[in-house]
Amino acid sequence: MIRVLVVDDEALVRSGLRLILEAAGDIVVVGEARDGAEAVAAVERLRADVVLMDVRMPGMDGLTAAERIVRRDDPPKVIMLTTFDLDEHVHRALRAGAVGFLLKDTPPRDLASAVRTVAAGNAMLAPTVTRRLIGSFVERGPSHAEAAHERFAVLTTRERQVVRAVARGLSNAEIGRELTMREATVKTHVSRALAKLGLTNRVQAAILVYEAGLL
């Protein structure tokens, strides 16, 4: 079972998310929190695999909470929820280490699928905003692009190919088919590339690829 912590300041929203997720059969909501501070405290005592967190809440917002949560040893995966498909704070959340970004009107089936995806170690961005989101927020400019490009020098040719495929939103299975590799081999390349680049997840890798102008 995938263990999920639901964080939203509205009780009705939390209840709705719980019903949707637990109806999936392989997901259990192990706790709820009303704001970021409660979420951080809950992560301390619960063994959640995924945190489903609203961006905007009174008190400590979801962005601050996400930054604190992902700094923990072996942190849960964080999916941010928002009403706006180009929320100006999403870039900060992705850089902080959130691995998912979904709209609150996401269909129930897609919500459960997103939880499964990030629990498996992959990124999940709302399909309507994936490229536009990253493209809108990456830092451009010759000097920044050059610095981002130089970071890829530590990667092997195969690792660079894999990371570029990751930035296109491909899953490990899809990358394996495209590059004629076993899925387990792709996973190994992704892990090694992230470690070499000093990144924590696939979304951060995608942002770096865009900043370097490699897509």
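Residues numbered from 1 in each chain as written. Predicted model: local features only at pLDDT ≥ 70, side-chain atom pairs only at ≥ 80, totals over all residues. Heavy atoms only, no water.

As for the nonpolar core
Spelled out, the test is: Definition of nonpolar core: a set of buried residues of the types Ala, Val, Leu, Ile, Met, Phe, Trp, Tyr and Cys, connected through side-chain atoms within 4.5 Å. Each residue is placed in one exposure class: buried if its accessible area under a 1.4 Å probe, protein chains only, is under 20% of its type's maximum, exposed if it is over 50%, and partly exposed if it falls in between. By the convention used here, residues are in contact when the closest approach between their heavy atoms is within 4.5 Å.
Counting 25 residues, the largest nonpolar core has Phe 152, Val 162, Val 163 and Ile 175 as its most contacted members. Among all residues touching Val 162, those that are not within four sequence positions of it are Ile 175, Leu 179, Met 181, Val 186, His 189 and Val 190. The next biggest cluster of nonpolar side chains, apart from the first, holds 22 residues, and it includes Ala 33, Met 57, Ile 69 and Ala 93.

Description of the environment of Asp 54
As a reminder, the rule being used: Only DSSP runs of H or I reaching four residues or more are called helices, and only runs of E reaching two or more are called strands; each is numbered from the N terminus. Pairs of N or O atoms are called polar contacts if they sit within 3.5 Å, as long as, within protein, a hydrogen donor faces a hydrogen acceptor (for residues adjacent in sequence, only side-chain-to-side-chain pairs).
Along the chain, Asp 54 falls in strand 3 (residues 50-54). The class for Asp 54 is buried, based on a relative accessible area of 6%. For Asp 54 and Lys 104, which are 50 residues apart along the polypeptide, the C-alpha to C-alpha distance reads 8.9 Å. Residues in contact with Asp 54, not counting those within four places in the same chain, are Val 7, Asp 8, Asp 9, Gly 62, Met 80, Leu 81 and Lys 104. In terms of polar contacts, Asp 54 uses its side chain to reach the side chain of Lys 104, at 3.4 Å.

Focus on unusual backbone geometry
Non-glycine residue Asp 74 carries a positive phi angle of around 50 degrees. Of note, Asp 74 is situated in the loop between helix 3 (62-70) and strand 4 (77-82). According to the relative accessible area criterion, Asp 74 is exposed, its value standing at 75%. Non-glycine residue Thr 180 carries a positive phi angle of around 55 degrees. You can see Thr 180 is positioned in the loop between helix 9 (172-179) and helix 10 (183-197). According to the relative accessible area criterion, Thr 180 is exposed, its value standing at 72%.

What to know about the environment of Gln 161
Following the sequence through the fold, Gln 161 ends up in helix 8 (residues 157-167). For Gln 161, a relative accessible area of 34% corresponds to the partly exposed category. C-alpha of Gln 161 to C-alpha of His 189: the two residues are 28 residues apart in sequence and 9.6 Å apart in space.

Here's the deal with the side chain of Thr 106
Its place among the elements puts Thr 106 in the loop between strand 5 (100-103) and helix 5 (108-119). In terms of polar contacts, Thr 106 uses its side chain to reach the backbone carbonyl oxygen of Leu 103, at 2.6 Å.

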